[in-house]
Amino acid sequence: MFDRLAAWFEESHRDLPWRRTYDPYQVWISEVMLQQTQVETVVPYFERFIAEFPTVRALAAASEERVLK
């Protein structure tokens, strides 16, 4: 059963930015964003957010105002 599911995923999965990495920070950010809206809407926001705050340290050092903007 797992083999069939894995094969289906390999053929059918969408190319999403957070699937291109094993960085837990990027996966976490995507999960938080995806709780709020649809995947198509999240992708550009995710890409801009990661460009602005590429690490958890960068995010922690930023002001709340900058993060929420």
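For the structure itself, consult the block above.
Caption draft 1: Region of interest: a nonpolar patch on the surface. Residues Phe2, Leu5, Trp8 and Phe9 make up a contiguous nonpolar surface patch of about 480 Å² in total accessible area. Counting through the fold element by element, Phe9 comes out in helix 1 (residues 2-12).

Caption draft 2: Examining helix 3 (residues 39-52) more closely. With 14 residues, helix 3 extends 20 Å between its outermost C-alpha atoms, agreeing within 8% with the 20 Å of an ideal straight helix rising 1.5 Å per residue. Every buried residue of helix 3 is listed here: Val39, Val42, Val43, Phe46, Phe49 and Ile50. Considering only its buried residues, helix 3 is in contact with helix 2 (24-34), helix 4 (56-61) and helix 5 (64-68).

Caption draft 3: Structural context of the nonpolar core. In terms of nonpolar packing, the biggest core is built from 14 residues, with Trp18, Tyr25, Ile29, Phe46 and Phe49 touching the most fellow members. Only helix 2 and helix 3 provide two or more residues apiece to this core. It is helix 3 that provides the largest number of residues to this core, a total of six residues.

Caption draft 4: Quick peek at the packing of aromatic side chains. Enumeration over the complete set of coordinates arrives at three aromatic pairs. Relative to Phe46, the ring of Trp18 lies with its centre 5.1 Å away and its plane at 80°, an arrangement referred to as edge-to-face. Of the two residues, Trp18 sits in the loop between helix 1 and helix 2 while Phe46 sits in helix 3, which places them 28 residues apart along the sequence. You'll find Trp18 and Phe46 in the same group, each marked buried.

Caption draft 5: Expanded view of the pattern of salt bridges. Counted under the stated rule, the structure contains three salt bridges. For Arg14, the salt bridge goes to Glu40, with nearest N and O atoms at 3.0 Å. On the criterion of sequence distance, the pair formed by Arg14 in the loop between helix 1 and helix 2 and Glu40 in helix 3 is long-range, its members being 26 residues apart. On the basis of relative accessibility, which here comes to 54%, the residue Glu40 falls in the exposed class. Of the charged contacts in the structure, one is a salt bridge between Glu52 and Arg66, with a shortest N-O distance of 2.5 Å. Taken together, the residues Glu52 in helix 3 and Arg66 in helix 5 connect sequence positions 14 residues apart. Relative accessible area serves as the criterion here: at 42%, Arg66 is assigned to the partly exposed category.

Conventions we followed
- Residues numbered from 1 in each chain as written.
- Predicted model: local features only at pLDDT ≥ 70, side-chain atom pairs only at ≥ 80, totals over all residues.
- Heavy atoms only, no water.
- Patch = residues over 30% accessible without salt bridge, like charges linked within 9 Å, V, L, I, M, F, W, Y side chains within 5 Å.
- Areas by Shrake-Rupley, 256 points an atom, 1.4 Å probe, with all protein chains shown as cover.
- Salt bridge = Lys/Arg side-chain N within 4 Å of Asp/Glu carboxyl O.
- Helix = DSSP H or I, 4+ residues; strand = E, 2+ residues; numbered from the N terminus.
- Expected span 1.5 Å × (residues − 1).
- Buried < 20%, exposed > 50% of the residue type's maximum accessible area, 1.4 Å probe, protein only.
- Contact = heavy atoms within 4.5 Å.
- Core = buried A, V, L, I, M, F, W, Y, C linked by side-chain atoms within 4.5 Å.
- Phe/Tyr/Trp six-rings, centres within 6.5 Å; stacked < 30°, edge-to-face > 60°.

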